[in-house]
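# Commentary on secondary and tertiary structure
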Amino acid sequence: MPSNYETFFDHQRFALVGRSAVKPFPILSYRGLKRLGKTVHAIDPSTTEIDGDPAYPDLTALPEPVEALIIETPKSETRDWVAAAKQAGLRDVWIHMAQDTPEAVALAEESGINLRTGTCAVMYVTPGLTYHSLHKAIMKLTGKY
């Protein structure tokens, strides 16, 4: 039976939020979702383009609704993006490992958001032998995948 982490990728339309002005945009997750044939929209308030595609400043600017959100921003912004997901009616959110906060987790719980956190989305979207596939193997062995 697939884990809650694995079922996150059953969706077809994703938004992925990063902040290039502070740290590199999560391009591996972005490209991995695209390789899987998913529709993925980049959200980055600090730029207008990611990997040759338009980047949007927030969820309200997207050209179509999405089903799931991946947050890979600085920790100081995480709660605000969970609030934006709540406002947009999103029920599936992934917070990149080590970027969650107690406030963001509490808001997700009280909002009925199915939150995935504590691990890296790239493990699920990158095929082949990579650092992330090794991470995936370790997570599977420890029952956290």
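Remember, it's a predicted structure, so these values are computed and weren't measured experimentally. (Residues numbered from 1 in each chain as written. Predicted model: local features only at pLDDT ≥ 70, side-chain atom pairs only at ≥ 80, totals over all residues. Heavy atoms only, no water.)

## Some points on the overall build of the chain
Rules: Helix and strand definitions follow DSSP, with helices as H or I runs of at least four residues and strands as E runs of at least two, each counted in order from the N terminus. Only protein chains enter the area calculation, which uses a 1.4 Å probe; residues under 20% of their type maximum are buried, those over 50% are exposed, and those in between are partly exposed. Any two residues whose heavy atoms approach within 4.5 Å at even a single point are treated as in contact. Each accessible area is a Shrake-Rupley result for a 1.4 Å probe, and residues are judged covered by the shown protein chains and nothing else.
For the chain, the helix and strand inventory stands at six helices and seven strands. Going from the N terminus to the C terminus, the chain shows its helices and strands as α-β-α-β-β-β-β-α-β-α-β-α-α. In the chain, which comprises 145 residues, the share counted as buried stands at 48%. Within the chain, counting contacts between residues at least 6 apart in sequence, those at least 24 apart form 58% of the total. For the chain, the accessible surface area stands at approximately 7300 Å², while carbon and sulfur atoms represent 54% of it.

## Thoughts on the nonpolar core
Under the convention used in this document: To qualify as a nonpolar core, a set must consist of buried Ala, Val, Leu, Ile, Met, Phe, Trp, Tyr and Cys residues joined through side-chain atoms within 4.5 Å.
Counting residues in hydrophobic clusters, the biggest one holds 21 residues, and the most contacted among them are Phe8, Phe9, Phe14, Leu33, Ile70 and Trp94. Among the elements of the structure, strand 1 (13–17), helix 2 (27–35), strand 2 (39–43), strand 5 (68–71) and helix 5 (122–125) are those that each provide at least two residues to this core. With four residues, the single largest contributor to this core is helix 5. Setting aside residues up to four positions removed in sequence, phenylalanine 8 forms contacts with Phe14, Ala68, Leu69, Ile70, Asp92, Val93, Trp94 and Arg116.

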